[in-house]
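Coordinates in review
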Amino acid sequence: MKYALEIAQRTGATITVLYVVYPNEGVDNNMYDAFFIDDYVQQRLNGMKQWIKKFESPHLKEVKIDLKCIIGFPIGSICQTAIDLNTTLIVMGTVGATGLRGMLLGSTTGGVVSSSKVPVFVVPPKATFRNFARFAFATDFKLKVSNTTLKIMRELLNVQHTGLNIVCVLDEFTVRPSAQEERKLSEKLDKIQHEFHYLHNKNVEEAIHNFLESTECNGLVAVAHKHSWLRQIFVQSTTKNLAQQTTVPMLILRDAE
């Protein structure tokens, strides 16, 4: 919520705080209690108002905040609500840190990362917003994100007045991308300040996390590529693994349709 407030205040955006009520939450599974679901939803909305007041932020009164409480299952409800509201960014927290190799994503956040067509900004516990920060951009040079998504990334980076360390992980047999490929990527990034870094490691996630620690980067950007259903079944997603292990905020972009 603190990150969402900082982003919204600097970009003029509105925040919609979403709470999803499971279909059987707050009722005893009989027809009589089911009639009181509206009252239960109102209780949740009242609770959300009190929760928001806990955030000590100078931006709390400057940002328009809408509250929304719906009945459904979290992952599908979050993704669909983002589409219905024409949302530009989903901001979600992680469930807890257990070190560099800790599994930080809960099932809901992990599911949204995998399913959402909207960029997702994942904020781990104890992450601190910094006005001047550096983000790492993990890429394989197969950048197919839309202009709208790139615009969101530029705005988010501008919020923290940051540039990009573009990180490409190669194994010992992989040829380094050509100067032409670098130039194409630079053109897509437009005015975003950036520099290229090449790492040699067969373990992509390990290489990127080591880079984050050694350079003290305060954020990570990655693209969730679209794969065939067969590849989705048999190959783990590097982006999802990075999100599960990250100890810094991570912006996850989507491939263009």
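See the structure printed just above.
The rules we used
- Residues numbered from 1 in each chain as written.
- Predicted model: local features only at pLDDT ≥ 70, side-chain atom pairs only at ≥ 80, totals over all residues.
- Heavy atoms only, no water.
- Helix = DSSP H or I, 4+ residues; strand = E, 2+ residues; numbered from the N terminus.
- Buried < 20%, exposed > 50% of the residue type's maximum accessible area, 1.4 Å probe, protein only.
- Contact = heavy atoms within 4.5 Å.
- Areas by Shrake-Rupley, 256 points an atom, 1.4 Å probe, with all protein chains shown as cover.
- Patch = residues over 30% accessible without salt bridge, like charges linked within 9 Å, V, L, I, M, F, W, Y side chains within 5 Å.
- Salt bridge = Lys/Arg side-chain N within 4 Å of Asp/Glu carboxyl O.
- Lys, Arg positive; Asp, Glu negative; His and termini not counted.
- Charge placed at Lys NZ, Arg CZ, Asp CG, Glu CD.
- Axes fitted to C-alpha atoms, helices over the stretch in contact; angles between N-to-C directions.
- Parallel < 35°, antiparallel > 145°, perpendicular 65-115°, else oblique.
- Left-handed = near helix turned anticlockwise from the far one by under 90°.
- Nonpolar A, V, L, I, M, F, W, Y, C, P; charged D, E, K, R; others polar.
- Pairing = 2+ DSSP bridges.
- Right-handed = clockwise from strand over helix to strand, strands pointing away.

Turning next to the overall build of the chain. Across its full length, the chain carries 10 helices and nine strands. Within the chain, the fraction of its 257 residues that count as buried is 45%. The long-range share in the chain, meaning contacts at least 24 apart out of those at least 6 apart in sequence, stands at 79%. If you sum the accessible surface of the chain, you get close to 14600 Å²; carbon and sulfur atoms cover 51% of it.

The next subject is the environment of Thr-148. Mapped onto the elements, Thr-148 comes out in helix 6 (residues 147–159). Each C-alpha atom, one on Thr-148 and one on Thr-88, is 8.8 Å from the other, the two residues being 60 residues apart in sequence.

This brings us to a positive patch on the surface. Together, Lys-142, Lys-144, Arg-183, Lys-184 and Lys-188 line one region of the surface with positive charge. By the secondary structure assignment, Arg-183 is in helix 7 (residues 179–189). On the basis of relative accessible area, Arg-183 is assigned to the partly exposed category, the value being 47%.

Phi angles above zero are rare outside glycine, and Asn-86 is one such case at about 55 degrees. Position of Asn-86 among the secondary structure elements: in the loop between helix 4 (74–84) and strand 3 (90–93).

Our next topic: the environment of Lys-202. On the secondary structure map, Lys-202 appears in the loop between strand 7 (194–200) and helix 8 (204–215). Residues Lys-202 and Asp-171, 31 residues apart in the sequence, show an inter-C-alpha distance of 5.0 Å. Sequence-distant contacts of Lys-202, that is, excluding residues within four places in its chain, are made with Asp-171 and Glu-172.

It is worth spelling out the pattern of salt bridges at this point. What the rule picks out here adds up to four salt bridges. The closest approach of N and O atoms between Asp-66 and Lys-64, which form a salt bridge, is 2.8 Å. The salt bridge involving Arg-134 is made with Glu-195; its shortest N-O contact spans 4.0 Å. Here Glu-195 lies in strand 7 and Arg-134 lies in strand 5 (residues 134–138), a separation of 61 residues in the sequence.

For the pair helix 4 and helix 5 (residues 107–115), interaxial distance at closest approach is 9 Å and the crossing angle is 45 degrees. Judged by the angle between their axes, helix 4 and helix 5 are oblique. Once helix 4 is placed against helix 5, the crossing between them reads as right-handed. Facing helix 4, whose interface residues are Pro-74, Ile-75, Ile-78 and Cys-79, helix 5 presents Ser-107, Thr-108, Gly-111, Val-112 and Ser-115. Tallied by class, the residues present in the contact of helix 4 with helix 5 amount to five nonpolar, four polar and no charged.

As defined by bridge partners, strand 6 (residues 163–170) adjoins strand 7 across seven bridges and the pair is classed as parallel. What sits directly across from Val-169, in strand 7, is Leu-199. The handedness of the strand 6 to strand 7 crossover, carried by helix 7, is right-handed.

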